Amino acid sequence: MSETITATSEAAPAAPTSPAASTAPVQHLSMQQALNRALDEILAASPKTVVFGEDCGQLGGVFRITDGLQAKHGEGRVFDTPLAESGILGMSVGLAMAGFHPIPEVQFDGFAYPAINQIVCQIARMNYRSRGTLPMRITLRVPSFGGIRAPEHHGESLEALFAHVPGLKVVSPSDPHDAYHLLKYAVSRPDPVIFMEPKSRYWQKGPVTFRPETPDAGTADAGEPPEAGLTGARVVREGRHVTLVAWGAMVARCLQVAELAAEDGIDVEVLDLRWLKPIDAPALVASAGKTRRAVVVHEAPLTSGLGAEVAQLITQGCFDTLKAPVERVTGFDVPYPSGDLEDEYLPNIDRILFGIQRVLEYRRG
Amino acid sequence: MDTTPTLVADDAAPLTHEQLRELYSLMAAVRQLDTAAVAWQRQGIIPGYAPELGQEAAQVGSGYAVDKSRDFVFPTYREMGVARAMGLDMVGYMSTHKATWHGGMYNPLESRFAPIQAVVAGSVLHAVGWAHGQTLSGKPAGELGAAMTYFGDGASSQGDVHEAMNFAAVMKAPVVFFIQNNGWAISVPTERQVAGGSVAARAAGYGIPAVQVDGNDVAAVFEATRNAFAHARSGNGPVVIEAMTYRRGPHSTADDPGRYRTLDEERTDAGEDPLERHRARLLADGTADEAFFAAAHQAAQDEEEAIRAGIEALGPRPGSEMFDLVFQETTPALESQAAAWREESEHV
Ligand SMILES: Cc1ncc(C[n+]2csc(CCOP(=O)(O)OP(=O)(O)O)c2C)c(N)n1
């Protein structure tokens, strides 16, 4: 009941998504290293990209995601801002209007709240307002979710809030490989992307597959074709009996659950949703349509969470084939609790196993 | 201790007679169009409008100093006179008030006029970001473009304004903060809105040079703005201008100023009418004569009629724009919502 993410998170690495994975060079990196490397390559590839936020410069960010980047790329490209989130995001709007590709950071998820006005009323709407003449090519990096026993406001799950806002796209990587590639992909796109980094996974290592021909080539330039396989969800473990849908740190946990369930002969499929907006509905329907049972797992509170959206998409696409209503295993409708209660709050292995049991044992009428 | 930093002096020549006359013509055009827009609202031609009666000098004087080849303006919802002084397409500008659109100019990059902003102080930070982009672009001082951001005394209470001034000062961003202090934030007078004496007074706290200017004197506003631009474009960082003026009409066509001030107060507090004042000056120094004023007002009337015709001719925007303009790259969910909308509203 009291297992923590850090103690048990060396889950089986996910299958690399690169199309040429077999011949591509592979390195074992932590997510922090993978993100740092991606930013380094992005900055090198496009002079229009700028990385900034609180303590992003000399310190390299409190999570060291921007470590060494200022020394390498200069203070014009990587800089510290005054301590003001609305300022950081509002400034991003103007930089994007001036043709730059801002990659701002808010230090912790809970501090995106002071910037909500700029994110929702400005960044999300400027393209619409300007009839597409002022694209907001902004990638907002948000160290997200809980699991590190941090103080209040350092462990929020804002995905439903962001995904609900027209004009924003939201993505969350679950391992170093995806972190590297999804960040590069997000920065290459012309729309604002909220990039939710699962901070409890920053230090977990995993294989990162680079492009075979040009392992270090940046993808930050406009016009680069979308990386195959990065735009939707991915099946990180195939199974026949039930689909677990998760994102961020919960993917690794669901993989652990799948291992345990396998000992009881339950064959669990794990789908990493990755994009929380737009949601890859066909992938959900394909997986749940095959297994005929689905459980959504997320850290955010239950009510009006993304689990409801996922459940509806599955229900709509697989109503006739489903053997049970889609189940949800989530955080509770409470403010994020203090560290000692974190393991009670976050979906843990037992609660996810119970969720699986509920869909397996469901009886009609 | 005197903490007020000084503005780098501008050595530009005084206004020519031609420019002084042009400033009058612009104010006349703005007064005419502004008055007409209120009438159009009463006639049901447009659903709503935010008048600027009395603010013509503040808007025309500052807008006239903008160099559209390099500067960028970040307006609020009340900068019709700035748009006109910048020579923008006024039918396009008015389409927002007609409610065919709520974005202001269709192409802000071309017009150098950012979308009309309903969130007070919302775009003040955008100006700082845009201006910092000028710095990052590596242009030498003197060739920089400057951002000019407009806001009111009410908006100056917003945290974003303070963040913006601090950011701009720390980054030495070429920004002109142009406060139109028209005495009111809807019903709340400046003295119940602004602590610290004035908005300009706050600039000292950020180490930003500030000037308070008579906002009813178009030439003074122009010169203050030109100085501020010169300072900012030379790489000296931001400037705060507080133009003291008075909103003579209602806050918007939905407002009833009789609930918070009397007509007598309005008359005594409003100060000199900016058009009358400039007219008297031009007459006194022989820069213009009655024939000039008559021609200016006739031109303003003709212009207003042409704009009204343009507005009446504006059809509704195609509904599909609702879906098409959300993203540069649309999403499957939006595509299917658009398809359902087409089908269900028989737009196929
Ligand atoms: C953030 C925000 N809060 C409230 C409003 C509603 N509102 C619109 S205008 C206004 C007063 C603004 O006063 P001021 O900044 O002095 O500008 P003025 O209208 O006098 O030009 C208010 C409260 C708003 N538009 N935005």
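Presented here is a report on the structure given in the accompanying data block. (Residues numbered from 1 in each chain as written. Chains lettered and ligands numbered in written order. Predicted model: local features only at pLDDT ≥ 70, side-chain atom pairs only at ≥ 80, totals over all residues. Heavy atoms only, no water.)

Description of the site of the ligand
Residue and element names in this part refer to chain B.
- Close to the ligand lie 15 residues; Tyr77, Arg78, Ala118, Ala155 and Trp184 are nearest.
- Within the contact set of the ligand, a nitrogen atom lies 2.7 Å away from a backbone nitrogen or oxygen of Ala118.
- In this structure, an oxygen atom belonging to the ligand sits 2.8 Å away from a main-chain N or O atom of Gly154.
- Computed on the free molecule, the ligand has an accessible area of 580 Å², of which 70% lies beneath the protein chains in the complex.
- Of the residues assigned to the shell around the ligand, the class counts are eight nonpolar, five polar and two charged. (Near = heavy atom within 4 Å. Polar contact = N/O pair within 3.5 Å; in protein donor to acceptor, adjacent residues only side chain to side chain. Areas by Shrake-Rupley, 256 points an atom, 1.4 Å probe, with all protein chains shown as cover. Nonpolar A, V, L, I, M, F, W, Y, C, P; charged D, E, K, R; others polar.)

Regarding the environment of Pro325 of chain A
All names here are of chain A.
- As for its position among the elements, Pro325 is in the loop between helix H11 (306–318) and strand E14 (327–331).
- On a C-alpha basis, the gap between Pro325 and Arg37 in space is 42 Å, while along the polypeptide they are 288 residues apart.
- For Pro325, the residues in contact, after removing those within four places along its chain, are Ala294, Val359 and Tyr362. (Helix = DSSP H or I, 4+ residues; strand = E, 2+ residues; numbered from the N terminus. Contact = heavy atoms within 4.5 Å.)

With respect to the sheet that holds strand E3 (residues 175–181) of chain B
Residues and elements named next belong to chain B.
- Strand order in the open sheet formed by five strands is E1-E2-E3-E7-E6, and the pairing between neighbours is parallel. Sheet topology places strand E1 (72–74) and strand E6 (210–214) at the edges, where each strand pairs with a single neighbour. Across the sheet, the mean angle from the axis of one strand to that of its neighbour is 20°, orientation sign disregarded.
- Note that strand E2 (residues 147–152) and E3 share six bridges and pair parallel. Bridge pairing links Tyr150 to Phe178 in E3.
- Where helix H7 (residues 159–171) meets the sheet, its contacts fall on E2, E3 and strand E7 (239–244), and the angle it forms with E3 comes to roughly 150°.
- Across the sheet, helix H9 (residues 218–236) lies against E2, E3, E6 and E7, angled at about 160° from E6, the strand it touches most. (Pairing = 2+ DSSP bridges. Axes fitted to C-alpha atoms, helices over the stretch in contact; angles between N-to-C directions.)

Brief notes about the packing of helix H2 (residues 31–45) of chain A against helix H8 (residues 176–188) of chain A
Residue and element names in this part refer to chain A.
- The contact between H2 and H8 brings their axes to 8 Å, and the two run at 25°. Between H2 and H8, the crossing angle belongs to the class labelled roughly parallel. Seen along the crossing, H2 lies across H8 with a hand that is right-handed. Residues Met31, Ala34, Leu35, Arg37, Ala38, Leu39, Glu41 and Ile42 of H2 lie in contact with H8, whose contacting residues are Pro176, Ala179, Tyr180, Leu183, Lys184 and Val187.
- Among the residues making up the contact of H2 with H8, the classes are represented as 11 nonpolar, no polar and three charged. (Parallel < 35°, antiparallel > 145°, perpendicular 65-115°, else oblique. Left-handed = near helix turned anticlockwise from the far one by under 90°.)

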